[in-house]
Amino acid sequence: MKKILGAAIGTCVHVGGLHHFLKYAETEGYQTISLGPAVPFFRLIRAIQQEKPDIIALSYRMTPEVAIILFEQLKSIIKNNGFESLSFIFGGPLPVAEVARQSKIFKVVFDGTQTIEEIKNYFRGQSSKNHSHNAANTLLERIEQKYPYPLLRHHFGRPTLMETIEGVRTIANAGVVDVISLGPDQNAQEYFFHPEKMDFLQDGAGGVPLRKPEDLEALYRNSQTGNFPLMRCYAGTQELLKWAIMSVSTIHNAWGAIPLCWYSVIDGRSSRPIDVAIREHQVVMKWYAEQGIPVEVNESHQWSLRDAHDSLAVAMAFLAAYNAKKMGVKNYVAQFMFNTPPETSSSMDIAKMLAKMELIEELEDPDFSMIREVRAGIAHFSPIPSVAQGQLAASAVISLTLKPHIIHVVGYSEGDHATYPDELINSCNIVHGVLRNCLYGFPRIIDDSLITKRKDELKHEARDLLEAIKLFAKGTSNDPWADPVVIANAIKTGLFDAPHFRGNPYLFGKITTRMINGACYAINIETGDPVSEKERAAAFY
């Protein structure tokens, strides 16, 4: 095991940066020794002679003028004590770091602009800038390469193809994001394989106007620079299997994202009946599973976006994962969208997400594992940039409770407009800043008694709803949790319902929900009190 000796030299008492540096070294398997602040050179010499470190990491955060004198003294010490063969490295603010580089003492100089990934690459013996040889090209390998530091993913799609191509290259070269999620415009999502049905007046509405496979290939080529981010694309709202095959062959889709019930008459993004849509989505899940590609099922937060009560959202998170497992998916990307509905409090948000996570964990076995992905809810972002930046950072902090493998960064501009490359890069850097401060040694918020109580309540209520589905389908299905007809009927008759369904002729839309103390409950309209899932379900069988 390699050994690193760290010290703040001269009269410098600032050891926060050194402390974090040594912590990163420990996570990479190094033995670390810290001599602490204001270490005189005689003590440093003695420690080097006694500990025989492989690397000596020095820091100094005072004035560059004094640093010049210290580095001249250090040169003499290295020569007089035979330390020339040892590896000295330095960390400090930019002005001092520049002086350190000019001294020619240090093999590596860190000036605070390096990412944690670049620092870890140093410990792994890799160049911090030579990304092309370092970045894994599959989701699982990239997670393994970086965890516990989460991958950052961001959505991107400008109204023209050329603008999107140029933006992808800019973003890749910035090296701040691991996964670029392409957002096709609505024409592409619905009618890519039937261009004659497109309304060309709507080109670029909601994303990039992809019109042929070569467009995707061009976007992928331009992503292969910088830190070589993975690329992925949302499924089309129709002919999802064709979309899946095309996205894998063109952009090497890092993982498939498919709904369970949506992209149907529920949300109007296609005219497919609910059961037909579910059946087709299951087929696409199975296809991805056969290719060994992870799958994300965008389901639970779609209900919360329509003000569905929390216990229903938790039950749907379980059903989405259950269906993925049933279709043979081995690596399941579970997306946890915070701040949805926007009035949800932080503690109630954490409780809801923990309830979802723990129910999905019950499905895990050697053939099925969960990849945790967290994100902020777009609906809660202010159109005021500085306010939205604060909201982005706050949501990222709270979401670290789940120890995510992926953070889906939602650009702070999204409350006002589709993000530009510079805004995307700034949004990712905000989250990188959060991770620098909070990733290691994050407090165990999950032990909060209020959170635990609500989490347990939600798990209990969700189980009651899941059991109600079985009773609802008694005698008609061998596996109601994965039966498209059963799930569709549960939606049509109101067992699964949301306030925003009101007025849709294909849905029920009679439930009332209300935010109470930061959580969303189904409400008895006669009493105004929360109603349990057992009470609600009693009307259906």
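Heads up: the structure comes first, above all this text.
Residues numbered from 1 in each chain as written. Predicted model: local features only at pLDDT ≥ 70, side-chain atom pairs only at ≥ 80, totals over all residues. Heavy atoms only, no water.

Can you lay out the sheet that holds strand β2 (residues 31–34) for me, pointing to particular residues and giving the numbers?
Here we have 5 strands laid out as an open sheet, ordered β2-β1-β3-β4-β5, and parallel in their pairing. A single partner strand is all that each edge strand has here, and the edge strands are β2 and β5 (108–110). When the angles between neighbouring strand axes are averaged without regard to direction, this sheet yields 20 degrees. By the bridge criterion, 5 bridges tie strand β3 (residues 55–59) to strand β4 (residues 87–91) in an arrangement that is parallel. Note on β4: the bridge partner recorded for I56 is F88. Against the sheet, helix α5 (residues 116–123) engages β1 (3–8), β3, β4 and β5, with an angle of about 155 degrees to β5. (Pairing = 2+ DSSP bridges. Helix = DSSP H or I, 4+ residues; strand = E, 2+ residues; numbered from the N terminus. Axes fitted to C-alpha atoms, helices over the stretch in contact; angles between N-to-C directions. Contact = heavy atoms within 4.5 Å.)

Before we move on, can you summarise the side chain of E358 with the specific residues and values?
Here E358 lies in helix α14 (residues 346–361). Side-chain polar atoms of E358 contact the side chain of K459, separated by 2.7 Å. (Polar contact = N/O pair within 3.5 Å; in protein donor to acceptor, adjacent residues only side chain to side chain.)

Residue-level account of the packing of aromatic side chains, with values.
Following the criterion strictly, the structure yields 21 aromatic pairs and no others. Seen in terms of ring centroids, F21 and F123 are 5.0 Å apart; in terms of plane orientation they differ by 50 degrees. Their pairing is tilted. With F21 in helix α1 (residues 16–27) and F123 in helix α5, the pair connects residues that are 102 residues apart, well separated along the chain. Judged by relative accessible area, F21 falls into the buried class, the value being 10%. These aromatic residues form a ring-pair network of at least three members: F21, Y30, F110, Y122 and F123. Over the ring of Y420 we find R158; its NZ or CZ atom is 3.8 Å from the centre of that ring. Here R454 stacks its cationic end above the ring of Y521, 4.4 Å away from the centre of that ring. (Phe/Tyr/Trp six-rings, centres within 6.5 Å; stacked < 30°, edge-to-face > 60°. Buried < 20%, exposed > 50% of the residue type's maximum accessible area, 1.4 Å probe, protein only. Lys NZ or Arg CZ within 6 Å of the ring centre and 35° of its normal.)

Describe in detail the pairing of strand β14 (residues 513–516), supporting the description with residues and values.
In summary, the side chains of a regular strand alternate between the two faces of the sheet. The pairing of β14 with strand β15 (residues 519–522) spans 4 bridges and is classified as antiparallel. Bridge assignment links I516 to a residue of β15, and that residue is A519. The antiparallel pairing of β14 with β15 creates a hairpin that spans 2 residues between the two strands, and N517 there sits at a positive phi of about 50 degrees.

Go over the pattern of salt bridges, please, and point to the residues and values.
Pairs may arise between side chains of opposite charge once their charged atoms sit close together. The final tally for this structure, using the stated rule, is 30 salt bridges. Between R153 and E373 there is a salt bridge; the shortest N-O distance is 2.5 Å. Of this pair, R153 sits in strand β6 (residues 151–156) while E373 sits in strand β12 (residues 369–375), and the two are 220 residues apart along the sequence. With relative accessibility at 0%, the residue R153 sits in the buried group. Each of D310, K352, R454 and E457 takes part in one network of salt bridges that share partners. (Salt bridge = Lys/Arg side-chain N within 4 Å of Asp/Glu carboxyl O.)

Report on the side chain of D215, specifying residues and quantitative values.
Mapping D215 onto the fold places it in helix α9 (residues 213–223). Apart from the residues within four sequence positions on either side, D215 is in contact with L161, P209 and L210.

Describe in detail the nonpolar core, supporting the description with residues and values.
Formed by 129 residues in total, the largest nonpolar core has its most connected members in W303, Y332, F336, I491 and F496. When residues in this core are grouped by element, the largest group, 11 residues, is from helix α13 (residues 310–326). The contact partners of I491, leaving out residues within four places of it in the chain, are C261, I266, I274, W303, F496, F501, L507 and F508. In this structure, L44, F83, F90 and V96 belong to the second largest nonpolar core, which totals 32 residues. (Core = buried A, V, L, I, M, F, W, Y, C linked by side-chain atoms within 4.5 Å.)

Summarise the packing of helix α10 (residues 240–251) against helix α11 (residues 274–291); cite the residues concerned and give the values.
Relative orientation of the contacting elements α10 and α11 amounts to 25 degrees, with a least axis distance of 9 Å. With respect to their mutual orientation, α10 and α11 come out roughly parallel. The hand of the α10/α11 crossing is right-handed. Across from L240, L241, A244, I245, S247 and V248 in α10, the residues of α11 making contact are E280, H281, V283, V284, W287 and Y288. (Parallel < 35°, antiparallel > 145°, perpendicular 65-115°, else oblique. Left-handed = near helix turned anticlockwise from the far one by under 90°.)

Please set out helix α4 (residues 94–103) residue by residue, giving values where relevant.
Listing the buried residues of α4 in full gives V96, A97, V99, A100 and S103. The buried residues of α4 all sit within an arc of 160 degrees when viewed along its axis, so they share a single face. The first or second residue beyond α4 is K104, which carries a positive phi of 65 degrees. (Arc of directions from axis to C-beta.)

Explain α9 residue by residue, including any values.
Among the residues of α9, D215, L216, A218, L219, N222 and S223 are the ones counted as buried. Viewed along the axis of α9, the buried residues span an arc of 160 degrees, placing them on a single side of the element. In this structure, the buried side of α9 is in contact with α7 (161–174), β7 (179–182), β8 (230–233) and α10.

Residue-level account of the environment of P93, with values.
For P93, the location among the structural elements is in the loop between β4 and α4. Contacts of P93, omitting those with residues within four sequence positions, involve Y60, R61 and D111.

Residues and numbers for the environment of Y234, please.
Residue placement: Y234 occurs in the loop between β8 and α10. For Y234, a relative accessible area of 19% corresponds to the buried category. Once the C-alpha coordinates of Y234 and S181 are considered, the two residues, 53 residues apart in sequence, prove to be 7.4 Å apart. Setting aside residues no more than four positions away along its own chain, Y234 makes contact with R153, H155, L182, W243, A257, N298 and H408. Among the polar contacts listed, one links the side chain of Y234 to the side chain of R153, at a separation of 3.1 Å.

Pulling in residues and values, what's your account of unusual backbone geometry?
P148 follows Y147 through a cis peptide bond whose omega is 15 degrees. By secondary structure assignment, the location of P148 is in the loop between α6 (139–146) and β6. Cis peptide bonds are those with omega within 30 degrees of zero, and the linkage from T340 to P341 qualifies with -5 degrees. Within the secondary structure, P341 sits in the loop between β11 (331–337) and α14. Of note, K104 is a non-glycine position whose phi angle comes to about 65 degrees, a positive value. Position of K104 relative to the elements: it lies in the loop between α4 and β5. The phi angle at E239 is positive, at roughly 50 degrees, despite the residue not being glycine.

Purely geometric numbers; function is a separate question.
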